[in-house]
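Structural overview
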Amino acid sequence: MSNLVDPAANPTLALAMDLMARPSVTPEDAGCQPLMAARLQQLGFQIEMLPFHDTLNMWARRGQGKPLFCFAGHTDVVPAGPLEQWHTPPFTPTIIGDTLFGRGAADMKGSLAAMVVATERFIAEYPEPAFDLAYLITSDEEGPFINGTVKVVETLEARQEKIRWCLVGEPSSGKQLGDVIKNGRRGSLTGHLTVKGIQGHVAYPQLADNPVHKAAPALAALAAEIWDQGNAFFPATSFQIANIHAGTGASNVIPGELKVMFNFRYSTEVTADILQKRVYAILDRFGLNYQLDWTLNGLPFLTASGDLVAATVAAVEQVRGLTPRLETTGGTSDGRFIAPTGAQVIELGPINATIHKINECVAIADLTQLTDIYHALLVNLQQRLSHAVN
């Protein structure tokens, strides 16, 4: 067995497997955070466990008073799904060839292990770095995201504890490790629309008012609307109908109401308020009798440049020999709760091809190199700050 695939000789692999063996299906932590805390305490981190309702969160900090770099991530995973479709048990991490299989391998226990091992290496080299270090870890990212990172950030803001740089270990890579760094995310706004009509018999339409017929032109107009053109960092805002329902299930009943759920993934060219006003204007143009409720899932954020982007791009180039692309596509992440505090936020982690899927996996070589990238990032940031002082 080579050192690469031997957990006894590969500390990142060993820790990843230890974390993956704990069935931390959201919002359960299943002992993952205490395992990480024990390692971080040995490096001088002060550990603060922050449970909120059914969610366990960990805030770990080393140092006070210097600019703060934070690793952020989550210990919870999505459910395994049908166990018979896995070729290995999802919570028994299994090495097959040069690949590690199991739930959480890529999303994101592999990243958590790489963070811890990279931090151990960095502190051994720089016992008194030019910046403070922190970990913000939650067990609520895959769930309703109401008692996790958002609550920890509220706690930090209340005591004026500021993160300057934050790397979220989400699986950002596309075809090869490090080819994509997420330096922002689109905003997410969901609309819950109820169009009201009058229920009746299909044979007597004059006695009813079909909300489906009334709403169809308005929905077509919403789908055809150009909301913006995007910009250098963001694609154009997208409107998508996610769910639509009307009727009793009977073929001879005109429905009394139509329910539609739709979602915007929007750029920094617009705001949630602007989108809402434009939707109201379109619906009103068609004379609908409706109710519309909104859920703001997250604001868009962007880290266009700065020390964090520069240090991370350089780290990928040093370890992987390629220049990563900066992208803002994809879904939301907990970075949306951290960025509004003024922090520079990016996301960098393993290849995302198998996340949330049966037989989730990660290449063991990628875990090793991800550790090298995280370590190089810390060293690069140390050197940038040291040069700035000198």
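Residues numbered from 1 in each chain as written. Predicted model: local features only at pLDDT ≥ 70, side-chain atom pairs only at ≥ 80, totals over all residues. Heavy atoms only, no water.

Now for the overall build of the protein chain. Broken down by element type, the protein chain carries nine helices and 19 strands. With the C-alpha coordinates aligned to their principal axes, the bounding extent of the protein chain is approximately 80 × 50 × 40 Å. The proportion of buried residues among the 390 residues of the protein chain is 51%. Here the protein chain displays about 16200 Å² of accessible surface, and carbon together with sulfur accounts for 54% of that area. (Helix = DSSP H or I, 4+ residues; strand = E, 2+ residues; numbered from the N terminus. Buried < 20%, exposed > 50% of the residue type's maximum accessible area, 1.4 Å probe, protein only. Areas by Shrake-Rupley, 256 points an atom, 1.4 Å probe, with all protein chains shown as cover.)

Here the focus is the environment of phenylalanine 264. Summarising the element assignment, phenylalanine 264 is placed in strand β14 (residues 257–266). On the accessibility criterion, phenylalanine 264 (0% relative accessible area) is buried. Expressed as a C-alpha distance, the spacing of phenylalanine 264 and glycine 97, which sit 167 residues apart in the sequence, is 42 Å. Setting aside its immediate chain neighbours within four residues, phenylalanine 264 contacts Gly187, Ser188, Leu189, Trp227, Thr237, Ser238, Phe239, Leu275, Val279 and Trp294. (Contact = heavy atoms within 4.5 Å.)

Read from one edge of the open sheet, three strands run β4-β5-β19, paired in antiparallel fashion. The open sheet is flanked by β4 (94–96) and β19 (361–363), the only strands paired with a single partner. Averaged over all pairs of adjacent strands, the angle between their axes in this sheet comes to 25°, without regard to strand direction. Relative to β19, strand β5 (residues 99–101) runs antiparallel, the two sharing three bridges. Looking at β19, one finds that leucine 100 is bridged to valine 362. Against the sheet, helix α1 (residues 11–20) touches β4 and β5, its axis set at about 15° to β5. (Pairing = 2+ DSSP bridges. Axes fitted to C-alpha atoms, helices over the stretch in contact; angles between N-to-C directions.)

It is worth spelling out the domain arrangement of the protein chain at this point. Here the protein chain is described as being made up of domain 1 (7–185 + 300–388) and domain 2 (187–298). For domain 1 and domain 2, the distance between their C-alpha centres works out to 37 Å. Counting residues at the interface gives 13 residues for domain 1, matched by 11 residues for domain 2. Buried surface at the junction of domain 1 and domain 2, both sides included, amounts to about 870 Å², of which 70% is carbon and sulfur. The largest per-residue losses of area from domain 1 upon contact with domain 2 belong to Pro300, Leu302 and Thr328, which jointly make up 49% of the total buried on that side. (Domains from an automatic or database assignment. Buried area = accessible area lost by both parts, 1.4 Å probe.)

We now examine the pattern of salt bridges. Between side chains of opposite charge, pairing is possible as soon as their charged atoms come close. Applying the stated criterion across every chain, the model contains 17 salt bridges. Among the salt bridges present, the one from aspartate 132 reaches arginine 61, with a minimum N-O distance of 2.8 Å. Of this pair, aspartate 132 sits in strand β6 (residues 132–138) while arginine 61 is found in strand β2 (residues 57–62), placing the two residues 71 residues apart along the sequence. Pair check on accessibility: aspartate 132 and arginine 61 agree, each one buried. Glutamate 257 is the partner of lysine 259 in a salt bridge, and the nearest nitrogen-oxygen pair spans 3.6 Å. For lysine 259, a relative accessible area of 40% puts it in the partly exposed group. A single salt-bridge network, built from bridges that share partners, covers Glu48, Arg61, Asp132, Arg159 and Glu161. (Salt bridge = Lys/Arg side-chain N within 4 Å of Asp/Glu carboxyl O.)

Looking now at the side chain of arginine 62. Within the secondary structure, arginine 62 sits in strand β2. As a buried residue without a salt bridge, arginine 62 has its nearest oppositely charged side chain in glutamate 128, at a separation of 5.0 Å. For arginine 62, the side chain forms a polar contact with the main-chain oxygen of proline 127, separated by 3.0 Å. In this view, arginine 62 contacts Leu43, Gly44, Phe45, Ile123, Pro127, Pro129, Asp132 and Leu133; residues no more than four positions away in its chain are not counted. (Lys, Arg positive; Asp, Glu negative; His and termini not counted. Polar contact = N/O pair within 3.5 Å; in protein donor to acceptor, adjacent residues only side chain to side chain.)

Turning next to the UniProt feature "domain: Peptidase M20 dimerisation" (unreviewed entry) in the protein chain. Here, UniProt's "domain: Peptidase M20 dimerisation" (unreviewed entry) annotation points to residues 183–288. End C-alpha atoms of residues 183–288 are separated by 40 Å, and the span's content is 26% helix alongside 33% strand. (UniProt positions renumbered as here; feature names shortened; annotations may be inferred.)

By size, the foremost hydrophobic cluster in this structure holds 58 residues, and its most contacted members are Phe69, Leu100, Phe131, Tyr135 and Leu167. Counting residues per element, this core draws most heavily on helix α9 (residues 364–389), at 11 residues. Those residues in contact with leucine 167, other than ones at most four positions away along the chain, are Phe69, Cys70, Phe71, Ala72, Met115, Ile346, Leu348, Tyr374 and Leu377. Counting residues in hydrophobic clusters, the runner-up holds 25 residues, among them Ala221, Trp227, Phe239 and Leu288. (Core = buried A, V, L, I, M, F, W, Y, C linked by side-chain atoms within 4.5 Å.)

Moving on, we come to the packing of α1 against helix α2 (residues 32–41). Look at α1 against α2: their axes get within 9 Å of each other, and the N-to-C directions meet at 150°. The angle between the axes of α1 and α2 places the two elements in the roughly antiparallel class. The two elements α1 and α2 cross, and the hand of that crossing is right-handed. Across the interface between the two elements, Leu15, Asp18 and Leu19 of α1 pack against Cys32, Leu35, Met36 and Arg39 of α2. Taken together, the residues that form the contact of α1 with α2 break down as five nonpolar, no polar and two charged. (Parallel < 35°, antiparallel > 145°, perpendicular 65-115°, else oblique. Left-handed = near helix turned anticlockwise from the far one by under 90°. Nonpolar A, V, L, I, M, F, W, Y, C, P; charged D, E, K, R; others polar.)

Attention now moves to the environment of glycine 65. Within the secondary structure, glycine 65 is located in the loop between β2 and β3 (68–74). As a C-alpha pair, glycine 65 and arginine 265 span 200 residues in sequence and 37 Å in three-dimensional space.

Moving on: the packing of aromatic side chains. For any two aromatic rings, the description comes down to two numbers: the centre-to-centre distance and the angle of the planes. Taken as a whole and judged by the stated rule, the model has 16 aromatic pairs. On the numbers, 5.6 Å between centres and 20° between planes, the contact of phenylalanine 122 with phenylalanine 131 is stacked. Each member of the pair, phenylalanine 122 as well as phenylalanine 131, is classed as buried. Aromatic side chains phenylalanine 262 and tryptophan 294 sit 5.7 Å apart centroid to centroid with 80° between the ring planes, which places their arrangement in the edge-to-face category. Taken together, the residues phenylalanine 262 in strand β14 and tryptophan 294 in strand β15 (residues 290–298) connect sequence positions 32 residues apart. Accessibility expressed as a relative area gives 1% for phenylalanine 262, which makes it buried. (Phe/Tyr/Trp six-rings, centres within 6.5 Å; stacked < 30°, edge-to-face > 60°.)

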